[in-house]
Amino acid sequence: MVDENQDLFTTLYAQRLFFLVTTELKVLKFQPIGRTEARMMLENRLRTLRRSGNSQEYEQLQGVFQRTFQ
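Below, the structure is looked at part by part. Since we're looking at a predicted model, the values are computed, not measured.

Let us look at the overall build of the chain. Check the secondary structure of the chain and you find two helices and three strands. What you see in the chain, going N to C, is helices and strands ordered as β-β-β-α-α. For a compact globule of 70 residues, the expected C-alpha radius of gyration is about 11 Å, and the chain comes in at 12 Å, within 12% of that figure. Each of the three principal axes of the chain carries a C-alpha extent, and together these read 30 × 30 × 15 Å. When each of the 70 residues of the chain is scored for burial, the buried share is 30%. In the chain, the proportion of contacts linking residues at least 24 apart, taken out of those at least 6 apart, comes to 24%.

Below, the discussion takes up the environment of Pro32. Among the secondary structure elements, Pro32 is positioned in strand S3 (residues 27-33). As for Pro32 and Val21, which are separated by 11 residues in sequence, their C-alpha atoms are 8.8 Å apart. With near-sequence residues (within four places) excluded, Pro32 lies in contact with Phe18 and Phe19.

Within this structure, the stated rule accounts for two aromatic pairs. Aromatic side chains Phe18 and Phe69 sit 5.6 Å apart centroid to centroid with 10° between the ring planes, which places their arrangement in the stacked category. With Phe18 in strand S2 (residues 18-24) and Phe69 in helix H2 (residues 55-69), this residue pair connects regions lying 51 residues apart in the sequence. Judged on exposure class, the residue Phe18 and its partner Phe69 are both buried. On the numbers, 5.3 Å between centres and 40° between planes, the contact of Phe65 with Phe69 is tilted. With a gap of four residues between them, Phe65 and Phe69 both fall in helix H2, about one helical turn apart. The residues Phe65 and Phe69 share a single accessibility class, namely buried. Every member of this aromatic cluster is reached through a ring pair, and the members are Phe18, Phe65 and Phe69.

Rules used throughout
- Residues numbered from 1 in each chain as written.
- Predicted model: local features only at pLDDT ≥ 70, side-chain atom pairs only at ≥ 80, totals over all residues.
- Heavy atoms only, no water.
- Helix = DSSP H or I, 4+ residues; strand = E, 2+ residues; numbered from the N terminus.
- Rg over C-alpha atoms; globule rule 2.2 N^0.38 Å.
- Buried < 20%, exposed > 50% of the residue type's maximum accessible area, 1.4 Å probe, protein only.
- Contact = heavy atoms within 4.5 Å.
- Phe/Tyr/Trp six-rings, centres within 6.5 Å; stacked < 30°, edge-to-face > 60°.

These results come straight from atomic positions and should not be treated as a statement about function.
In C-alpha cells:
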C-alpha cells in the first residue's frame, strides 16, 4: 500500500515496469509509472510508517524496497 486506496505493483521480470493501482468506488485505475517515481513513493511510505511507529509493516516494506531498488 502506497497511500489510501493506492497500491504499487511491478512485473516479475526485471522489476522495471511499475504500475500504480487506484481503487475508487469499485473502479480500478491502472497507471504506469517510472522506476524513479515508484522509488520515491515507497520512500515516502517508509517515512510515514517510521513516524507512525508501525514497525512490523515498516520492516516488511523495507525488505521489499531493498530487494527491488538496491
